[in-house]
Amino acid sequence: MRSTSRARSFVWTALVALIATANLSFAQNAPSCKFPEREFRVGLQPEAIEIGDLDGDQDLDLVTANLFSRDISVLFNNGDDTFAPHITFSAGSGNPLAMAMGDLDGDDDLDVVVANGGVTVLLNNGNGHFVIDDTYAVGSTPISASLDDLDGDLDLDVIVTNRFSNDISVLLNLGDGTYSASTEYAAGADPVEHATADLDGDLDVDVVISQRGSDSVTVLPNNGDGTFASGTSYSVGDGPECIAIGDIDGDQDPDMVVANANSDDVSVLLNLGGGMFATDTTYDAGNNPTYIALGDLDGDLNLDVAVANAFGDDISVFYGQGDGTFTDDIKYGTGVRPLYVTFADTDGDSDLDIYVASSGASVSELKNRGDGTIDTNRSLNSGGTPLSVATADFDGDLDLDLVSANQTSDNISIYLNNGDGSFAQHTTHSVRDTPVFVSTGDLDDDNHADVVVVNRGTDNISVLFGWFSPK
């Protein structure tokens, strides 16, 4: 299944994360990692970044969508740890809020779709240069975009969520990267997020939308040809935000869990088969739950739930019983205003640990004891306000390390994993003004993880090429 976030995306996984309050033990003899920062100018206020091989030379290139200059910037990888100066390509007359990348016209090149008041399709001519193929009218204020094969013809179609017209727009690919006129499907009031999955078991991709203004989710079943039947709405709590999809009750049908920000609870909707859902069951969470993660925390093969409670400075963990029910929540403290939660096995013990994004000044780490119970929150001091966190093996020891982009201190912090899930004292590396997103990948094909940072304050990106040496 595939899902979409509201407006930001990375091809390389980027975890949005922020902070807490405790101290962490530091190793004294960790390997040193060096990240010389290089600044690359792009357009005005980059809102999204994608990484992929745009020119077919087997090197990873960069593309950003730039809100105020209404264009995309392409930076070609020279293959030698450097990037060529950015080339801009018009993205149409609107301001880009979201971007998605994929092969739209079947020529094995990566193309780009931008949501900018409409949907603008930019086709790659084979060497990483883009031309606007067309701009398509959609609903009012598209705030997210995703690509999926909706009609089973192996071409990528487009879905956007339109916040102010209370609908989604679907554009079907005609096979050559051109699209049909959009078809709008009604949602509830103030749709904020959509997700896709085969909800009714007919091997077609269906859509579910969360609607903050109508306190509901709407399920749109795919007719099999990329058109959608009238939606069925299901009441949830007050102010639904994030949707997570997974098999909660073990019947092989995808169920839904929804975070309700205003009623301080989560709604669980079990799939009855055929894409119909039971009335929601609610579980009390903390103050203002906004983001959900699903995973098996206690090793019983049932999906558990963690919810970030933005105004409670904690997360709620609910343990799945395997029959679609959950335990009452157990709360674990985090940093100030947690906004995002994710799972990763950073200590190599095959248990999922929890990492939380908060609006304080560190990254919250909650270690799994192996039975699903969680150690008290430890914080990784960053020295600034981290708005984004990503993981990679920076020092070549096969353990996942962390990097955060620190908005107020204009730098990144690298936290090396000691091998047991504890982290060495962070090192900082300067970037430019107001770094807001970070992503990782091997850009220069030297088997070392590199870092890409979006700097909103100076309208550029920083690329930091990594290498390590043992002390």
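Note that the structure is predicted; figures quoted are calculated from it, not measured.

## Observations concerning the overall build of the chain
Here comes step 1: Counting its secondary structure elements, the chain contains zero helices and 41 strands.
Here comes step 2: By sequence separation, contacts in the chain at least 24 residues apart represent 46% of the contacts at least 6 residues apart.

## Things to note about unusual backbone geometry
Here comes step 1: Notably, Leu154 is not glycine yet its phi reads approximately 70°, a positive angle.
Here comes step 2: Here Leu154 lies in the loop between strand S12 (142-148) and strand S13 (157-162).
Here comes step 3: Exposure remark for Leu154: the relative accessible area of 77% places this residue in the exposed category.
Here comes step 4: With phi around 60°, Asp190 is a residue other than glycine that occupies positive phi space.
Here comes step 5: Along the chain, Asp190 falls in the loop between strand S15 (183-186) and strand S16 (191-197).

## What to know about the pairing of strand S28 (residues 314-318)
Here comes step 1: Among the five residues of S28, five are classified as buried, and the element is accordingly described as predominantly covered.
Here comes step 2: Two elements, strand S27 (residues 304-309) and S28, share five bridges in a ladder whose sense is antiparallel. When the bridges of S28 are listed, Val307 appears paired with Ser316.
Here comes step 3: Taking the residues between adjacent antiparallel strands as the criterion, S27 and S28 are bridged by four residues, where Asp313 takes a positive phi near 55°.
Here comes step 4: Across four bridges, S28 lies against strand S29 (residues 330-333) in antiparallel orientation. Pairing of Val317 across the sheet is with Ile330, part of S29.

## Points about the pattern of salt bridges
Here comes step 1: Applying the stated criterion to the full structure yields six salt bridges.
Here comes step 2: With its nearest N and O atoms 3.4 Å apart, the salt bridge here joins Arg212 to Asp190. Taken together, the residues Arg212 in the loop between strand S17 (206-211) and strand S18 (216-220) and Asp190 in the loop between S15 and S16 connect sequence positions 22 residues apart.
Here comes step 3: With a shortest N-O distance of 2.5 Å, Glu241 and Arg212 are connected by a salt bridge. One end of the pair, Glu241, is in strand S20 (residues 240-246); the other, Arg212, is in the loop between S17 and S18, and 29 residues separate them in sequence.
Here comes step 4: On the accessibility criterion, Glu241 (9% relative accessible area) is buried.

## Comments concerning the sheet that holds strand S5 (residues 61-66)
Here comes step 1: Pairing is antiparallel across the open sheet formed by four strands, whose spatial order is S4-S5-S6-S7. Of all the strands in the sheet, the pair left with one neighbour each is strand S4 (46-52) and strand S7 (87-90). Each neighbouring strand pair of the sheet contributes to a mean axis angle of 25°, computed without reference to strand direction.
Here comes step 2: In the sheet, S5 pairs with strand S6 (residues 71-75) via five bridges, with the strands oriented antiparallel. Within S6, the position partnered with Leu62 by the bridge is Leu75.

## A closer look at the packing of aromatic side chains
Between two aromatic rings, the relevant description is the distance of the centres plus the angle of the planes.
Here comes step 1: The final tally for this structure, using the stated rule, is six aromatic pairs.
Here comes step 2: Relative to Phe130, the ring of Phe89 lies with its centre 6.0 Å away and its plane at 70°, an arrangement referred to as edge-to-face. Of the two residues, Phe89 is situated in strand S7 and Phe130 in strand S11 (residues 130-136); the sequence distance between them amounts to 41 residues.
Here comes step 3: Taking relative accessible area as the criterion, Phe89 reaches 11% and is therefore assigned buried.
Here comes step 4: Aromatic ring contacts, followed pair by pair, group Tyr283, Phe318 and Phe326 into a single cluster.

## Considering the sheet that holds strand S37 (residues 427-430)
Here comes step 1: Ordered by their spatial adjacency, four strands build an open sheet running S34-S35-S36-S37, and the pairing between neighbours is antiparallel. Two strands bound the open sheet, and with one partner strand each, they are strand S34 (386-392) and S37. Across the sheet, the mean angle from the axis of one strand to that of its neighbour is 25°, orientation sign disregarded.
Here comes step 2: Bridge count between strand S36 (residues 411-415) and S37: four bridges; the pairing is antiparallel.

## A short note on the side chain of Gln45
Here comes step 1: Looking at the secondary structure, you find Gln45 in the loop between strand S3 (37-41) and S4.
Here comes step 2: Its relative accessible area of 17% is what places Gln45 among the buried residues.
Here comes step 3: Apart from residues lying up to four places away in sequence, Gln45 is in contact with Ala65, Asn66, Leu67, Phe68, Arg456 and Asp459.

## Here's the deal with the environment of Glu50
Here comes step 1: Looking at where Glu50 falls in the secondary structure, it is placed in strand S4.
Here comes step 2: Since its relative accessible area comes to 4%, Glu50 is described here as buried.
Here comes step 3: Each C-alpha atom of the pair Glu50 and Ala65 lies 8.7 Å from the other, and the pair is 15 residues apart in sequence.

## Remarks on the environment of Asp80
Here comes step 1: Among the secondary structure elements, Asp80 is positioned in the loop between S6 and S7.
Here comes step 2: A relative accessible area of 49% places Asp80 in the partly exposed class.
Here comes step 3: With 21 residues separating them along the chain, Asp80 and Asp59 place their C-alpha atoms 9.7 Å apart.

## Focus on the confidence of the model for the chain
Here comes step 1: For the chain, per-residue confidence averages 84 on the pLDDT scale, and residues scoring 70 or more make up 87% of the total.
Here comes step 2: pLDDT under 50 marks residues 1-34. Its contacts with residues more than four places away, or in other chains, come to 140 contacts.

## Regarding the environment of Gly335
Here comes step 1: You can see Gly335 is positioned in the loop between S29 and strand S30 (338-344).
Here comes step 2: According to the relative accessible area criterion, Gly335 is buried, its value standing at 1%.
Here comes step 3: Spatially, the C-alpha atoms of Gly335 and Asp314 are 7.2 Å apart, while their sequence positions differ by 21 residues.

Rules used throughout
- Residues numbered from 1 in each chain as written.
- Predicted model: local features only at pLDDT ≥ 70, side-chain atom pairs only at ≥ 80, totals over all residues.
- Heavy atoms only, no water.
- Helix = DSSP H or I, 4+ residues; strand = E, 2+ residues; numbered from the N terminus.
- Contact = heavy atoms within 4.5 Å.
- Buried < 20%, exposed > 50% of the residue type's maximum accessible area, 1.4 Å probe, protein only.
- Pairing = 2+ DSSP bridges.
- Salt bridge = Lys/Arg side-chain N within 4 Å of Asp/Glu carboxyl O.
- Axes fitted to C-alpha atoms, helices over the stretch in contact; angles between N-to-C directions.
- Phe/Tyr/Trp six-rings, centres within 6.5 Å; stacked < 30°, edge-to-face > 60°.
- pLDDT = per-residue confidence, 0-100.

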